[in-house]
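Examining the three-dimensional arrangement
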Amino acid sequence: MIGRLNHVAIAVPDLAAATANYRDVLGAKVSAPKDLPEHGVRVVFVELPNTKIEFLEPLGHDSFIQKFLDDNPAGGIHHLSYEVEDILKAREQLKASGKRILGDGEPKIGAHGTPILFLHPKDFNGCLVEIEEVAKEPKS
Ligand code: CO
């Protein structure tokens, strides 16, 4: 079921500072900030050779990222995103194994325009896990 690590999401209190740090100190390729009001976040994508890092800054007052930062003021790893080929099939397998799907259990369109679901951290060693359906890259 599980495929590649698509991204590691890090909640940050200051998106510009986090972006500058990765760009100027680590020499990473970073995107422009993007507002996703429907998710209550402003995001920056950091492209690494084998995966992505996603910075999440709260956008709006009831952002779930704000709640995370209240507990972790310096920021911290918020979730890991694993690719799956078929998100509904993956969901049914997970449910059959007794794993809890967060929210209403229906896939939402995430920051990358792909369907995502979140799994309960208590079912995965204290890590919030996102699964993301990513179209298979055409074989070249
Ligand atoms: Co994510």
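None of these values were measured; they are calculated from a predicted model. (Residues numbered from 1 in each chain as written. Predicted model: local features only at pLDDT ≥ 70, side-chain atom pairs only at ≥ 80, totals over all residues. Heavy atoms only, no water.)

1. Brief notes about the coordination of the cobalt ion
The protein atoms that coordinate the cobalt ion are His7 (NE2), His79 (NE2), Glu130 (OE) and Glu130 (OE), at distances spanning 2.1 to 2.7 Å. In this structure, the cobalt ion is surrounded by 4 donor atoms whose angles at the metal cover 48 to 128°, and the resulting shape is irregular. Between the donor residues of the cobalt ion, the gaps in sequence give the motif H-x71-H-x50-E. Note that His7 is positioned in strand 1 (residues 5–11) and Glu130 in strand 9 (residues 129–133), a separation of 123 residues in sequence. Glu130 matches His7 in its accessibility class, with the two residues each being buried. (Donors = N, O, S within 2.8 Å, 3.2 Å for Na, K, Ca; no water. Tetrahedral: all angles 85-135°; square planar, octahedral: opposite > 155°, others 65-115°. Helix = DSSP H or I, 4+ residues; strand = E, 2+ residues; numbered from the N terminus. Buried < 20%, exposed > 50% of the residue type's maximum accessible area, 1.4 Å probe, protein only.)

2. Quick word on helix 3 (residues 87–96)
If you check which residues of helix 3 are buried, you get Ile87, Ala90, Arg91 and Leu94. Along the axis of helix 3, the buried residues cluster in a sector spanning 100°; they form a single face. Of the exposed residues in helix 3, those oriented more than 90 degrees away from the buried face are Lys89 and Ala96. The inward-facing, buried residues of helix 3 contact strand 6 (76–84), strand 8 (115–119) and strand 9. Where helix 3 ends, the next residue or the one after it, Gly98, has phi of about 85°, a positive value. (Arc of directions from axis to C-beta. Contact = heavy atoms within 4.5 Å.)

3. With respect to the pairing of strand 6
A regular strand places its side chains so that they alternate between the two faces of the sheet. Burial analysis of strand 6 places 7 of its 9 residues in the buried class, the great majority of the element. The pairing of strand 1 with strand 6 spans 6 bridges and is antiparallel. Along strand 6, the bridge assignment pairs Ala11 with Gly76. Sheet topology places strand 6 next to strand 9; 5 bridges connect them, and they run parallel. Note on strand 9: the bridge partner recorded for Leu80 is Val129. (Pairing = 2+ DSSP bridges.)

4. Quick look at the pairing of strand 9
Along strand 9, 4 of the 5 residues are buried, which leaves the element largely enclosed by surrounding structure. Relative to strand 9, strand 8 runs antiparallel, the two being bridged by 4 bridges. When the sheet's bridge partners are listed, Leu119 is paired in strand 9 with Val129.

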